Amino acid sequence: RIEVVRGASARIYGVNALLGVINIITKTSNSNGITADANVGTSFVKDDKSKDLYTNYGVSARTHLSSERVKQSLSLGINNGNGYRSNTAFEQYKFNYKNVWHSAQGHRLQSFVGYTQNDFGANGFYASPADSTSTEKSSTLLASVAYRRNVSERFKLTPSISYQYNAADYKFKTNPTVGRNIHYLNMLN
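Let me sum up the structure you'll find in this document. The structure displayed is predicted, hence computed values, not measured ones.

1. Considerations on the overall build of the protein chain
Line of reasoning, step 1. Helices and strands together make up the secondary structure of the protein chain, namely zero helices and 11 strands.
Line of reasoning, step 2. Shown N-terminal to C-terminal, the secondary structure of the protein chain runs as helices and strands in the order β-β-β-β-β-β-β-β-β-β-β.
Line of reasoning, step 3. Over its C-alpha trace the protein chain gives a radius of gyration of 21 Å, far above what one expects of a compact globule, namely 16 Å for 189 residues.
Line of reasoning, step 4. With respect to the principal axes defined by its C-alpha atoms, the protein chain has extents near 65 × 40 × 25 Å.
Line of reasoning, step 5. In the protein chain, 22 positive and 12 negative side-chain charges are present, and the distance between their average locations comes to 10 Å.

Here's what the structure looks like:
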């Protein structure tokens, strides 16, 4: 289902939900399984300097384990490539794990942890055309735990806590003494 939450009550979904949130709630899988995929792509354009063909690839795997009371999912992914033009090469690593436990008495405990790391050439990202040799490294960690208790048919108690960590290091290589931006964020909700 899709929930549209307008106004300040959307803040339960995070600090940036100032005007509202569109919350998409997907079905929970009741089956067990493993899926994997791989992809490769190119624009058939070559780098002017190295004469290498711009090629990008990725692999990912997901598993779902489900029982009457516990549902778990794990996902891993890697994407790499030399981009689509000079200094747009990238490496991306992703991981997430979700666990949902239900009791016969109406209790529900959900936990989640996810991590993403991105390293990339930032040609044209922030200060084009002067940033043609810029790079950026960023990582994000998100963890949450939520408990839900159905107090009555119309009232649910749902306390939750979440933590987010972000780190970014942007290097403006045209003048690295002036144009380096290191940013850290620790947020507890």
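2. Quick word on a nonpolar patch on the surface
Line of reasoning, step 1. Residues Trp101, Leu109, Val145, Ile161 and Leu188 make up a contiguous nonpolar surface patch of about 460 Å² in total accessible area.
Line of reasoning, step 2. Judged by relative accessible area, which is 61%, Leu188 ranks as exposed.

3. Focus: the environment of Asp169
Line of reasoning, step 1. Locating Asp169 in the fold gives a position in strand 10 (residues 160-171).
Line of reasoning, step 2. Not counting residues up to four positions away in its chain, the partners in contact with Asp169 are Thr135, Glu136, Lys137, Arg180, Asn181 and Ile182.
Line of reasoning, step 3. Among the polar contacts made by the side chain of Asp169, one reaches the side chain of Arg180 at a distance of 2.6 Å.

4. Digging into the pairing of strand 5 (residues 70-81)
Line of reasoning, step 1. Relative to strand 5, strand 4 (residues 53-66) runs antiparallel, the two being bridged by 11 bridges. Bridging from a neighbouring strand, Arg62 pairs with Ser75 of strand 5.
Line of reasoning, step 2. In this structure, the hairpin formed by strand 4 and strand 5 is closed by a connection of three residues.
Line of reasoning, step 3. Taken together, the 12 bridges between strand 5 and strand 6 (residues 90-102) define a ladder with antiparallel strand orientation. Paired with Ser73 across the strands is Lys98, a residue of strand 6.

5. What to know about the pairing of strand 2 (residues 20-24)
Line of reasoning, step 1. A one-sided burial pattern is seen for strand 2, the buried positions being Val21 and Asn23 and the unburied ones Gly20, Ile22 and Ile24.
Line of reasoning, step 2. Where strand 1 (residues 2-6) meets strand 2, five bridges bridge the pair, whose relative direction is antiparallel. Looking at strand 2, one finds that Arg6 is bridged to Gly20.

6. Let's talk about the environment of Lys46
Line of reasoning, step 1. Positionally, Lys46 belongs in strand 3 (residues 33-46).
Line of reasoning, step 2. Taking the relative accessible area as the measure of exposure, Lys46 reaches 51% and is therefore exposed.
Line of reasoning, step 3. C-alpha separation for the pair Lys46 and Ile78, spaced 32 residues apart in sequence, amounts to 23 Å.

7. Section: the packing of aromatic side chains
Line of reasoning, step 1. Under the counting rule described, the total for this entry stands at three aromatic pairs.
Line of reasoning, step 2. Centre to centre, the rings of Tyr126 and Tyr170 are 4.9 Å apart; their planes meet at 80 degrees, and the pair counts as edge-to-face. Remark: Tyr170 occurs in strand 10 and Tyr126 occurs in the loop between strand 7 (107-121) and strand 8 (135-150); sequence separation between them is 44 residues.
Line of reasoning, step 3. Taken together through their ring pairs, the aromatic side chains of Phe120, Phe125, Tyr126 and Tyr170 make up a single cluster.

The rules behind these values
Residues numbered from 1 in each chain as written. Predicted model: local features only at pLDDT ≥ 70, side-chain atom pairs only at ≥ 80, totals over all residues. Heavy atoms only, no water. Helix = DSSP H or I, 4+ residues; strand = E, 2+ residues; numbered from the N terminus. Rg over C-alpha atoms; globule rule 2.2 N^0.38 Å. Lys, Arg positive; Asp, Glu negative; His and termini not counted. Charge placed at Lys NZ, Arg CZ, Asp CG, Glu CD. Patch = residues over 30% accessible without salt bridge, like charges linked within 9 Å, V, L, I, M, F, W, Y side chains within 5 Å. Areas by Shrake-Rupley, 256 points an atom, 1.4 Å probe, with all protein chains shown as cover. Salt bridge = Lys/Arg side-chain N within 4 Å of Asp/Glu carboxyl O. Buried < 20%, exposed > 50% of the residue type's maximum accessible area, 1.4 Å probe, protein only. Contact = heavy atoms within 4.5 Å. Polar contact = N/O pair within 3.5 Å; in protein donor to acceptor, adjacent residues only side chain to side chain. Pairing = 2+ DSSP bridges. Phe/Tyr/Trp six-rings, centres within 6.5 Å; stacked < 30°, edge-to-face > 60°.

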